Amino acid sequence: MKLSAIATIGLVLVGAAGLLAYTHFDQAAKLRSGRWTRVSATVVSVVQASSAQRGGIAVLRWVDGEGKAQDGGAFVSTDDFRAQRYKAGD
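Predicted model only: the values in this text are computed from it and were never measured. (Residues numbered from 1 in each chain as written. Predicted model: local features only at pLDDT ≥ 70, side-chain atom pairs only at ≥ 80, totals over all residues. Heavy atoms only, no water.)

Focus on the pairing of strand β2 (residues 56–63)
To keep it simple, the criterion reads: Pairing between strands is defined by DSSP: at least two bridges between the two strands are required. Secondary structure elements follow DSSP: runs of H or I no shorter than four residues count as helices, runs of E no shorter than two count as strands, and numbering proceeds from the N terminus.
Pairing of strand β1 (residues 42–48) with β2, which is carried by 6 bridges, proceeds in the antiparallel orientation. Pairing of V47 across the sheet is with I57, part of β2. Direction of pairing for β2 relative to strand β3 (residues 69–76): antiparallel, over a ladder of 8 bridges. In the strand pairing of β3, I57 is matched with F75.

Here it is in structure tokens:
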């Protein structure tokens, strides 16, 4: 038995809605329980994105709520990248 295209699309949309609802309620529960904390991040480096028209990537380092060092990246807009608003060590 084959599902029609509309039924397939409907199942995908229901699945996506379920995933979004789960994510929303999971994040809300973390916020209520106090597992979200504000941290101070240090810019390790800023590199140009693969497409110069889109800005760059700031590599960040911070210490999480459990005292563990974490690294991550954040998008830097074209205007911020050109103005060099984010520099290593900031």
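Focus on the pattern of salt bridges
Put simply, the rule is: The term salt bridge refers to a side-chain nitrogen of Lys or Arg lying within 4 Å of a carboxyl oxygen of Asp or Glu. Buried, partly exposed and exposed residues are distinguished by accessible area as a fraction of the type maximum, computed with a 1.4 Å probe on protein chains only: under 20%, between the cut-offs, and over 50%, respectively.
Counting across every chain of the model gives 2 salt bridges. Notably, a salt bridge pairs R61 with D71, separated by 2.7 Å at the nearest N-O pair. On the criterion of sequence distance, the pair formed by R61 in strand β2 and D71 in strand β3 is long-range, its members being 10 residues apart. The exposure class assigned to D71 is partly exposed, which follows from its relative accessible area of 48%.

Overview of a nonpolar patch on the surface
For clarity, the cut-off: The patches described consist of residues with a relative accessible area above 30% and no salt bridge, like charges being joined within 9 Å and nonpolar side chains (Val, Leu, Ile, Met, Phe, Trp, Tyr) within 5 Å. Under the convention used here, a 1.4 Å probe and the Shrake-Rupley method define accessible areas, while residue burial counts only the protein chains that appear.
Judged by side-chain polarity, V47, I57 and F75 come together as a nonpolar surface patch covering roughly 270 Å² of accessible area. Assessed through its relative accessible area of 40%, V47 is described here as partly exposed.

Here we look at the environment of A5
Looking at the element boundaries, A5 is found in helix α1 (residues 5–33). The class for A5 is exposed, based on a relative accessible area of 57%. Put simply, A5 and G15 are 10 residues apart on the chain and 15 Å apart in space, counted from C-alpha to C-alpha.

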